[in-house]
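# Architecture at a glance
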Amino acid sequence: FASIQKEIERKGVTRSRRMNHGMGRLYLYAKRFFASTETAPRYRGEARLLLAQINHKRGLPGSERCKTLRAMQAKIVESTDSGPAQARIVQGRLANCVQQDGLEDVDTVLGPLTQEEVRATKLHEGQPIIENIRNKVERCKKAPIDQLCKEGIVPSSEVMAVLCPFVLAAVQTTGLSDTQLATLYRATYCAFKQRRSLLLLNLERQVHFTELPWATPLHRSVGNMRAGLGSSEQATQQALVDICVTTLATWPETIIPNTLAGALNDVIETSAKGEKKGFTLIKEVASDIFMHAFSDSFVQNAKAAAELMDGTLYQRYYTLPPKGEICRDGFHDQTLFDLSVSLAHADASSWDVVNNGRIIEACMIITTHNLAILWKNLPQLQNKLANVLAELPRRILATVCKNVGLMPGMAWKAQLQTVKDAAYAWRQMLFFASLLPRDQTDTFVQYAQEYVTGLKNEHIEDKMGKAVEGMKVAWQGAAKGAPVAPHTVLVGWVKGKHWLMK
């Protein structure tokens with residue numbers, strides 16, 4: 001003990017003398033233990049208590065648990081110290097790459113450090129690149145969209161919407177003989193798509209890319225060149241299908257974001273010859289500026305949904321009118337608004353935000369928010385999702401139950417967002433379940449009830465049990481065409497406190 005005390009005094013270790021530090025307390029207990037035999041038992045107990053606390057927290061010095069913790073902390077310190085040096089090395093590696101293009105071989109840039117690279121640093125040869133830098137470099141990876149989604153580089157449909165213009169611009173300029181024109185078109189198109197969007201009143205829309213005075217000649221020239229390429233239109237259509245398949249298969253619980261819908265409309269609405277296509281994707285309307293009116297594209301989506309969902313679980317759960325009532329010639333924008341007001345039990349004369357939100361959500365239910373019109377007009381989408389179609393509603397159910405189970409610990413604003421996301425995901429789940437054959441829909445309804453019960457979570461079983469029971473009641477008698485019995489419907493916008501939050 002005297003040699004330890006002498007070493008402490010020589011090095012001037014001040015923390016060993018601080019009583020608010022464990023080392024200081026242990027030093028004091030040991031010093032007094034040897035100083036007096038009368039108080040030795042007391043300080044021996046104090047020292048044992050402190051050592052027990054240290055053992056509980058990280059393990060005693062020399063133990064395997066303590067060694068593992070110290071090794072992990074050493075790696076953190078090493079990565080923190082070597083981070084700037086490694087960043088400069090990786091920056092030098094990236095300088096040799098094409099700056100306007102992605103990385104086809106990320107492993108080359110992220111390989112272990114070489115002897116020449118570490119010569120002027122404190123790093124050692126063969127040291128791996130730290131995770132923080134690896135994550136940033138991997139975002140530059142150039143690969144098919146579906147592969148980027150599987151690897152988590154594209155984490156959400158919102159990020160997919162950001163990448164979509166770059167993919168579509170590349171597809172539209174593939175095979176052009178004038179490379180300078182193709183480069184200029186891609187840069188102009190992508191820059192236009194990155195502009196800040198605005199919410200406009202009275203169903204007005206922002207200017208389209210083809211309406212820009214300086215972009216019109218570019219678009220015309222590219223269109224003329226693509227007209228001579230027999231496979232150009234097929235490539236554009238295939239890109240549309242691939243993006244839709246990847247989005248729906250990777251994030252089936254999420255609606256198509258407005259930015260992605262706008263980018264896809266550029267491909268849908270205009271072909272190589274500039275001919276208008278037969279359908280348009282709709283965007284989610286903001287409830288605070290809702291003008292109590294819907295455009296013709298919403299009517300088009302509503303008719304496609306009514307034709308596809310007639311007699312299905314989706315139609316019975318939301319008690320939607322039969323196909324003949326919506327697909328008739330007299331069904332127009334005002335009729336759709338009146339039907340949305342009736343379905344939401346809202347007030348057509350009120351401009352309250354919650355009232356508007358209920359009407360908008362009812363319209364989203366009637367139109368399936370782009371799902372039905374995509375499924376109807378893209379046969380390739382049906383073929384590519386056929387193998388995973390039965391899995392999609394089960395994945396969505398698991399996601400909804402997980403998020404609802406986390407609600408008790410959330411703030412009320414986070415709970416509101418979770419309720420809305422759960423209701424929108426529930427709608428997507430019902431849509432995919434309704435595309436299955438009737439016997440598989442029966443199986444899913446039974447599976448949903450067993451899944452919620454099997455989670456052994458009182459909160460989830462109480463809240464989601466009501467939604468599942470409502471789905472079961474709505475589906476009873478479907479084979480015989482029996483009327484739908486009253487049942488609980490899960491929606492995101494309600495008047496008053498939502499029953500998921502009670």
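Fair warning: this is a prediction, and the values are worked out from it, not measured in the lab.

A separate point is the overall build of the protein. Counting its secondary structure elements, the protein contains 23 helices and 0 strands. At 31 Å, the protein has a C-alpha radius of gyration far larger than the 23 Å of a compact globule built from 502 residues. When its C-alpha atoms are laid out on the principal axes, the protein stretches across 100 × 65 × 45 Å. By sequence separation, contacts in the protein at least 24 residues apart represent 66% of the contacts at least 6 residues apart. Surface exposure of the protein reaches about 27600 Å², of which carbon and sulfur atoms provide 53%. Side-chain charges in the protein split into 61 positive and 49 negative, and the spacing between the mean points of these groups amounts to 10 Å.

Note on placement: Leu181 falls in helix 9 (residues 179-193). For the pair Leu181 and Leu339, spaced 158 residues apart in sequence, the C-alpha to C-alpha distance is 49 Å. If sequence neighbours within four positions are ignored, Leu181 has contacts with Leu218, Ser221, Val222 and Met225.

Below, the discussion takes up the packing of helix 20 (residues 392-405) against helix 22 (residues 438-454). Contact geometry for helix 20 and helix 22: axes closest at 11 Å, N-to-C directions at 25 degrees. Our classification of the angle between helix 20 and helix 22 gives roughly parallel. The way helix 20 lies across helix 22 gives a crossing that is right-handed. Residues Pro393, Arg394, Leu397, Ala398 and Cys401 of helix 20 form the contact with helix 22, whose own contacting residues are Thr443, Phe444, Tyr447, Ala448, Tyr451 and Val452. Broken down by class, the residue content of the contact of helix 20 with helix 22 amounts to 9 nonpolar, 1 polar and 1 charged.

So, about helix 13 (residues 296-309). Helix length check: helix 13, at 14 residues, gives a terminal C-alpha distance of 20 Å against a target of 20 Å (1.5 Å per residue), a fit within 8%. Those residues of helix 13 lying buried are Ser297, Phe298, Val299, Asn301, Ala302, Ala304, Ala305, Ala306 and Met309. Taken from the residues just after helix 13, Gly311 is the one with a positive phi, measuring 80 degrees.

Moving on: the packing of helix 22 against helix 23 (residues 458-475). At a minimum axis distance of 9 Å, the contact between helix 22 and helix 23 shows a crossing angle of 160 degrees. By the criterion of interaxial angle, the relationship of helix 22 to helix 23 is roughly antiparallel. Handedness of the helix 22/helix 23 crossing: left-handed. Note on element contacts: helix 23 touches helix 22 through Ile460, Glu461, Met464, Gly465, Val468, Glu469, Met471, Lys472 and Trp475, opposite Arg438, Thr441, Asp442, Phe444, Val445, Ala448, Gln449, Val452 and Thr453.

In this structure the tally under the stated criterion is 8 salt bridges. Two residues, Lys420 and Glu284, come together in a salt bridge whose shortest N-O distance is 3.4 Å. Separated by 136 residues along the polypeptide, Lys420 in helix 21 (residues 412-434) and Glu284 in the loop between helix 12 (258-269) and helix 13 bring together distant segments of the chain. Taking the relative accessible area as the measure of exposure, Lys420 reaches 21% and is therefore partly exposed. Put simply, Glu307 and Lys376 hold a salt bridge, and the shortest N to O gap is 3.1 Å. Of the two residues, Glu307 sits in helix 13 while Lys376 sits in helix 18 (residues 371-377), which places them 69 residues apart along the sequence.

End to end, helix 17 (residues 353-367) covers 21 Å across 15 residues, agreeing with the expected 21 Å (1.5 Å per residue, within 8%). By the criterion of burial, helix 17 is predominantly enclosed, with 13 of the 15 residues buried. By the N-cap criterion, in which a side-chain oxygen at the helix start approaches the backbone nitrogen of a residue two or three places on, helix 17 is capped by Asp352, the distance to Val354 being 3.1 Å. Once helix 17 finishes, Thr368 follows within two positions and takes phi at roughly 60 degrees, a positive value.

It is worth spelling out the packing of aromatic side chains at this point. Counted under the stated rule, the structure contains 12 aromatic pairs. Ring geometry for Tyr185 against Phe209: centres 5.7 Å apart, planes inclined by 85 degrees, an arrangement best described as edge-to-face. Pair noted here: Tyr185 is in helix 9 and Phe209 is in the loop between helix 9 and helix 10 (216-227), with a separation of 24 residues, a long-range link. Judged by relative accessible area, Phe209 falls into the buried class, the value being 4%. Feature note: the residues Tyr185, Tyr189, Phe192 and Phe209 constitute an aromatic cluster, connected by ring pairs.

The next point concerns the state of the cysteines. For the structure shown, the criterion picks out 0 disulfides. Not part of a disulfide, Cys244 finds its nearest cysteine sulfur in Cys164, a span of 8.3 Å. Taking relative accessible area as the criterion, Cys244 reaches 3% and is therefore assigned buried.

Along the chain, Pro483 falls in the segment after helix 23. Take Pro483: its relative accessible area is 74%, and that puts it in the exposed class. When the C-alpha atoms of Pro483 and Thr335 are compared, they prove to be 24 Å apart, with 148 residues separating the residues in sequence.

Trp426 and Met471 are the most contacted members of the largest nonpolar core, which has 117 residues in total. Ranked by the residues each element gives to this core, the list is headed by helix 21, at 11 residues. Setting aside residues up to four positions removed in sequence, Trp426 forms contacts with Tyr317, Tyr318, Leu397, Val400, Met464, Ala467, Val468, Met471 and Leu490. Formed by 14 residues, the second largest nonpolar core is a distinct cluster that contains Val118, Leu123, Ile130 and Val137.

Cut-offs and rules
Residues numbered from 1 in each chain as written. Predicted model: local features only at pLDDT ≥ 70, side-chain atom pairs only at ≥ 80, totals over all residues. Heavy atoms only, no water. Helix = DSSP H or I, 4+ residues; strand = E, 2+ residues; numbered from the N terminus. Rg over C-alpha atoms; globule rule 2.2 N^0.38 Å. Contact = heavy atoms within 4.5 Å. Areas by Shrake-Rupley, 256 points an atom, 1.4 Å probe, with all protein chains shown as cover. Lys, Arg positive; Asp, Glu negative; His and termini not counted. Charge placed at Lys NZ, Arg CZ, Asp CG, Glu CD. Axes fitted to C-alpha atoms, helices over the stretch in contact; angles between N-to-C directions. Parallel < 35°, antiparallel > 145°, perpendicular 65-115°, else oblique. Left-handed = near helix turned anticlockwise from the far one by under 90°. Nonpolar A, V, L, I, M, F, W, Y, C, P; charged D, E, K, R; others polar. Expected span 1.5 Å × (residues − 1). Buried < 20%, exposed > 50% of the residue type's maximum accessible area, 1.4 Å probe, protein only. Salt bridge = Lys/Arg side-chain N within 4 Å of Asp/Glu carboxyl O. Polar contact = N/O pair within 3.5 Å; in protein donor to acceptor, adjacent residues only side chain to side chain. Phe/Tyr/Trp six-rings, centres within 6.5 Å; stacked < 30°, edge-to-face > 60°. Disulfide = S-S within 2.5 Å. Core = buried A, V, L, I, M, F, W, Y, C linked by side-chain atoms within 4.5 Å.

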